[in-house]
Amino acid sequence: MVDQSTEYSRIAEFLDDFILVLSKEVLRFVYNQNISEERLLDWEEDAAEEREEFTVTLRDVRSELLQGRSRSTELDRVSDAYSQTIDEKIERLLGQE
């Protein structure tokens with residue numbers, strides 16, 4: 001988001017959402033002294049819902065940010081080189097049999 005010069009208010013909102021989900025997903029359960037078992041079960045359900053909702057939000061934000069971005073061919077070059085190296089190793093191994 002920062003790389004694409006997204007408005008700071010949107011970045012702050014996203015960070016707030018992330019921290020809220022983190023607190024419901026992790027911190028509640030780490031610091032749960034004197035919390036009833038029933039309440040912990042409610043929190044587990046809430047955490048699962050929050051995680052699902054944030055996963056959708058995260059996918060949406062990522063898709064939106066990558067939508068206008070041009071695709072790099074760097075991974076294609078690396079992939080081609082890797083495939084060629086593996087093919088050569090396989091051929092050498094087969095030649096040894």
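In case you missed it, the structure is sitting above this.
Residues numbered from 1 in each chain as written. Predicted model: local features only at pLDDT ≥ 70, side-chain atom pairs only at ≥ 80, totals over all residues. Heavy atoms only, no water.

Concerning a nonpolar patch on the surface
Argument step 1. A cluster of nonpolar side chains, contributed by Leu-15, Phe-18, Ile-19, Leu-22, Val-26 and Leu-27, occupies part of the molecular surface with about 490 Å² of accessible area.
Argument step 2. In this structure, Leu-27 sits in helix H1 (residues 8-30). (Patch = residues over 30% accessible without salt bridge, like charges linked within 9 Å, V, L, I, M, F, W, Y side chains within 5 Å. Areas by Shrake-Rupley, 256 points an atom, 1.4 Å probe, with all protein chains shown as cover. Salt bridge = Lys/Arg side-chain N within 4 Å of Asp/Glu carboxyl O. Helix = DSSP H or I, 4+ residues; strand = E, 2+ residues; numbered from the N terminus.)

Comments concerning the pattern of salt bridges
Argument step 1. Here the structure, examined in full by the defined rule, presents 1 salt bridge.
Argument step 2. Arg-10 serves as the salt-bridge partner of Glu-64, at 2.9 Å between the closest nitrogen and oxygen. Of this pair, Glu-64 sits in helix H2 (residues 37-67) while Arg-10 sits in helix H1, and the two are 54 residues apart along the sequence.
Argument step 3. For Glu-64, a relative accessible area of 42% gives the class partly exposed.
Argument step 4. For Arg-10, a relative accessible area of 27% puts it in the partly exposed group. (Buried < 20%, exposed > 50% of the residue type's maximum accessible area, 1.4 Å probe, protein only.)

A short note on the packing of aromatic side chains
Argument step 1. In total, this model carries 2 aromatic pairs according to the counting rule given.
Argument step 2. Both rings, one in Phe-14 and one in Phe-54, keep their centres 5.7 Å apart while their planes meet at 35°; by these two values the pair is tilted. Of this pair, Phe-14 sits in helix H1 while Phe-54 sits in helix H2, and the two are 40 residues apart along the sequence.
Argument step 3. When the centroid spacing of 6.1 Å and the interplanar angle of 55° are considered together, the rings of Phe-18 and Phe-54 count as tilted. Taken together, the positions of Phe-18 in helix H1 and Phe-54 in helix H2 put the pair 36 residues apart, joining distant regions of the chain.
Argument step 4. Its relative accessible area of 11% is what places Phe-54 among the buried residues.
Argument step 5. Each member of the aromatic cluster is reached from another via a ring pair, and the members are Phe-14, Phe-18 and Phe-54. (Phe/Tyr/Trp six-rings, centres within 6.5 Å; stacked < 30°, edge-to-face > 60°.)

What to know about a negative patch on the surface
Argument step 1. A contiguous patch of negative charge on the surface is contributed by Glu-37, Glu-38, Asp-42, Glu-44, Glu-45, Glu-49, Glu-52 and Glu-53.
Argument step 2. The topology assignment puts Glu-37 in helix H2.
Argument step 3. On the accessibility criterion, Glu-37 (56% relative accessible area) is exposed. (Lys, Arg positive; Asp, Glu negative; His and termini not counted. Charge placed at Lys NZ, Arg CZ, Asp CG, Glu CD.)

So, the side chain of Glu-50
Argument step 1. On the secondary structure map, Glu-50 appears in helix H2.
Argument step 2. By relative accessible area, which is 14% here, Glu-50 ends up buried.
Argument step 3. Among residues more than four places away in sequence, those in contact with Glu-50 are Val-21 and Lys-24. (Contact = heavy atoms within 4.5 Å.)

Details of the nonpolar core
Argument step 1. Phe-14, Val-21, Phe-54, Val-61 and Leu-65 together form the largest nonpolar core, which totals 5 residues.
Argument step 2. Those elements giving two or more residues to this core turn out to be H1 and H2.
Argument step 3. When residues of this core are assigned to their parent elements, the largest contribution, 3 residues, is made by H2.
Argument step 4. If we ignore the near neighbours within four places in the chain, the residues touching Leu-65 are Met-1, Gln-4 and Thr-6. (Core = buried A, V, L, I, M, F, W, Y, C linked by side-chain atoms within 4.5 Å.)

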